[in-house]
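# Summary of the model geometry
Here is what each chain is made of, one letter per residue.
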Amino acid sequence: MVAAGDGPWLDDAAGRLVRPFTVSNGRTRPTIALDLMSQVMVTGAGPLGHLGPEHAQALALCRAPVPVAEVAAHLRLPAAVTKVLLSDLVDCGALTAKPPAFHDNPTDRALLEAVLDGLRRQL
């Protein structure tokens with residue numbers, strides 16, 4: 001397995017040799033709705049057709065449920081590009097995606113005020 005930072009796509013001196021959006025063939029929108037906290041996991045089915053090295057790296061990262069944001073961080077790609085790659089894998093049956101489960105209202109005013117108070121104490 002090739003690590004996300006290895007291979008011909010990155011160079012220590014020059015940085016990324018391939019622009020992120022060329023990885024997704026210029027596509028900027030995934031075919032399915034994926035949140036940064038959506039959990040993705042391999043299904044065990046092999047992907048049909050030719051997929052790029054980033055697709056293979058994403059599959060290797062998703063052996064256990066993992067959030068989209070974590071996959072993007074490991075691949076060192078923008079979240080928008082990662083969502084396109086992951087949606088390709090969901091479309092071909094190689095991955096499943098589960099939306100995040102919010103047990104509490106994520107815009108609860110009391111929670112937001114507590115976070116703000118904590119941030120103010122840090123400054």
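Presented here is an overview of the structure given in this document. (Residues numbered from 1 in each chain as written. Predicted model: local features only at pLDDT ≥ 70, side-chain atom pairs only at ≥ 80, totals over all residues. Heavy atoms only, no water.)

## A few points about the pattern of salt bridges
As a reminder, the rule being used: By definition here, a salt bridge exists when the distance from a side-chain nitrogen of Lys or Arg to a carboxyl oxygen of Asp or Glu is within 4 Å. Helix and strand definitions here come from DSSP, where helices need a minimum of 4 consecutive H or I residues and strands a minimum of 2 consecutive E residues; each element is numbered from the N-terminal end. Think of it in three bands: residues with accessible area under 20% of the maximum for their type are buried, residues over 50% are exposed, and the middle band is partly exposed, with areas taken using a 1.4 Å probe on protein chains only.
Applying the stated criterion across every chain, the model contains one salt bridge. Across the pair R109 and E113 runs a salt bridge whose closest N-O atoms are separated by 3.0 Å. Of the two residues, R109 and E113 both sit in helix α5 (residues 109–122), four residues apart, roughly one turn of that helix. For R109, a relative accessible area of 62% gives the class exposed. Relative accessible area serves as the criterion here: at 38%, E113 is assigned to the partly exposed category.

## What about unusual backbone geometry?
Positive phi is not limited to glycine here, since R76 has a value of about 60°. You can see R76 is positioned in the loop between α3 (68–75) and α4 (79–91). On the basis of relative accessible area, R76 is assigned to the exposed category, the value being 56%.

## What about α4?
One turn of an α-helix holds 3.6 residues; hence residues three or four places apart share an orientation. We apply this condition: A helix is expected to span 1.5 Å multiplied by its residue count minus one.
Spanning 13 residues, α4 covers 18 Å between terminal C-alpha atoms, matching the ideal 18 Å at 1.5 Å per step. Three or more residues of α4 are buried, namely V81, T82, K83, V84, L85, L86, S87, D88 and L89. Trailing α4 by a residue or two, G93 shows a phi angle of about 85°, which is positive.

## Considering the packing of α3 against α4
As a reminder of what qualifies: For helices, the fitted line uses only the C-alpha atoms of the stretch in contact; every axis is such a line through C-alpha atoms, and the angle between N-to-C directions lies from 0 to 180 degrees. The cut-offs work like this: below 35 degrees is roughly parallel, past 145 is roughly antiparallel, 65 to 115 is roughly perpendicular, and the gaps in between are oblique. By definition in these notes, contact holds between two residues if any of their heavy atoms fall within 4.5 Å. Amino acids are sorted into nonpolar (Ala, Val, Leu, Ile, Met, Phe, Trp, Tyr, Cys and Pro), charged (Asp, Glu, Lys and Arg) and polar (every other residue, Gly among them).
Running from N to C, α3 and α4 point in directions that differ by 110°, and their axes come no closer than 9 Å. Between α3 and α4, the angle falls in the class roughly perpendicular. Listed contacts from α4 to V68, V71, A72 and L75 of α3 are A79, T82, K83, L85 and L86. Grouping the amino acids of the contact of α3 with α4 by side-chain chemistry returns seven nonpolar, one polar and one charged.

## Overview of the side chain of S87
The line we're drawing: Distance and chemistry together define a polar contact, namely a pair of N or O atoms within 3.5 Å, with one atom able to donate a hydrogen and the other to accept it when in protein, and with adjacent residues in sequence counting only for side-chain atoms on both sides.
With respect to the secondary-structure elements, S87 resides in helix α4. Using a relative accessible area of 0% as the deciding quantity, one classes S87 as buried. Polar side-chain contacts of S87 include one of 2.9 Å to the backbone oxygen of V84.

## Side note on the nonpolar core
Just so we agree on the cut-off: Put simply, buried Ala, Val, Leu, Ile, Met, Phe, Trp, Tyr and Cys residues joined by side-chain atoms within 4.5 Å make one nonpolar core.
Formed by 16 residues in total, the largest nonpolar core has its most connected members in V40, V71, L86, L89 and L95. For this core, the elements supplying multiple residues, two or more each, are α2 (53–61), α3 and α4. Counting residues per element, this core draws most heavily on α4, which supplies four residues. Among all residues touching L86, those that are not within four sequence positions of it are L34, V40, A58, V68, V71 and L95.

Geometric descriptors of this kind do not, in isolation, establish any biological role.
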